[in-house]
Amino acid sequence: MSVTVQQLQNLVGGKWVDAVDGGIAEIINPATGETIAEVPQGTPADVNRAVEEATKAGHERRESTRAGRAAV
């Protein structure tokens, strides 16, 4: 039986992105030994990118009105 390998990305700043350095980790089904997914292999650079985007979003949210935040 052939398994379709899912290729997943990280959600950072509202966008789906690969790892900064392009690294990929395989997710293995322990029952069959087959690869079932490939995911970005995160590094400190990926964490830094996510923190920068979250900080930026926090500043934007803080500057918006209550009504604007409620609408989101």
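The rules behind each value
Residues numbered from 1 in each chain as written. Predicted model: local features only at pLDDT ≥ 70, side-chain atom pairs only at ≥ 80, totals over all residues. Heavy atoms only, no water. Helix = DSSP H or I, 4+ residues; strand = E, 2+ residues; numbered from the N terminus. Rg over C-alpha atoms; globule rule 2.2 N^0.38 Å. Buried < 20%, exposed > 50% of the residue type's maximum accessible area, 1.4 Å probe, protein only. Contact = heavy atoms within 4.5 Å. Areas by Shrake-Rupley, 256 points an atom, 1.4 Å probe, with all protein chains shown as cover. Pairing = 2+ DSSP bridges. Polar contact = N/O pair within 3.5 Å; in protein donor to acceptor, adjacent residues only side chain to side chain. Salt bridge = Lys/Arg side-chain N within 4 Å of Asp/Glu carboxyl O.

So what exactly am I meant to see when it comes to the overall build of the chain here?
Broken down by element type, the chain carries two helices and five strands. Of the regular secondary structure in the chain, the N- to C-terminal order runs β-β-β-β-β-α-α. The C-alpha radius of gyration computed for the chain amounts to 17 Å, which surpasses the reference 11 Å derived for 72 residues by more than 25%, pointing to a less compact arrangement than a globule. When burial is assessed residue by residue, the chain has 11% of its 72 residues classed as buried. The long-range fraction of contacts in the chain, counting pairs at least 24 apart against all pairs at least 6 apart in sequence, stands at 48%. When the accessible surface of the chain is summed, it comes to about 5,700 Å², and 54% of that surface belongs to carbon and sulfur atoms.

Would you take a moment to explain the pairing of strand β5 (residues 35-40) for this structure?
In summary, the side chains of a regular strand alternate between the two faces of the sheet. Sheet analysis places strand β1 (residues 6-7) next to β5, joined by two bridges and oriented parallel. Bridging across to β5, Q6 finds its partner in A37. As judged from the five bridges shared by strand β4 (residues 24-28) and β5, these two strands associate in the antiparallel manner. If you follow E26 over to β5, its bridge partner there is E38.

Would you explain the side chain of D46 in this entry?
Looking at the secondary structure, you find D46 in helix α1 (residues 44-63). Given a relative accessible area of 7%, D46 falls into the buried group. Within the structure, D46 has its side chain in polar contact with the side chain of R49 (distance 3.2 Å). Non-local contacts of D46, meaning those with residues more than four positions away in its chain, are made with D18, A19, V20 and Q41.

Could you clarify how one ought to interpret the pattern of salt bridges in this entry?
A side chain of one charge can pair with a side chain of the opposite charge if their charged atoms are brought near each other. Counted according to the given criterion, the structure contains two salt bridges. Of the charged contacts in the structure, one is a salt bridge between E53 and K56, with a shortest N-O distance of 3.3 Å. With E53 and K56 both in helix α1 and three residues apart, the pair spans about one turn of that helix. When its relative accessible area of 28% is taken as the criterion, E53 is described as partly exposed. With a relative accessible area of 43%, K56 lands in the partly exposed category.

Sorry if this is basic, but what is going on with the sheet that holds β1 here?
In a beta sheet, neighbouring strands pair by backbone hydrogen bonds and run either parallel or antiparallel. Strand order in the open sheet formed by three strands is β1-β5-β4, and the pairing between neighbours is mixed. Of all the strands in the sheet, just β1 and β4 have a single pairing partner and so form its edges.

Can you help me understand the side chain of T35 in this one?
With respect to the helices and strands, T35 occurs in strand β5. Here E26 takes part through its side chain, which lies 3.4 Å from a polar atom of the side chain of T35. Those residues within four positions of T35 in sequence are excluded, and the remaining contacts are V3, V5, E26, I27 and I28.

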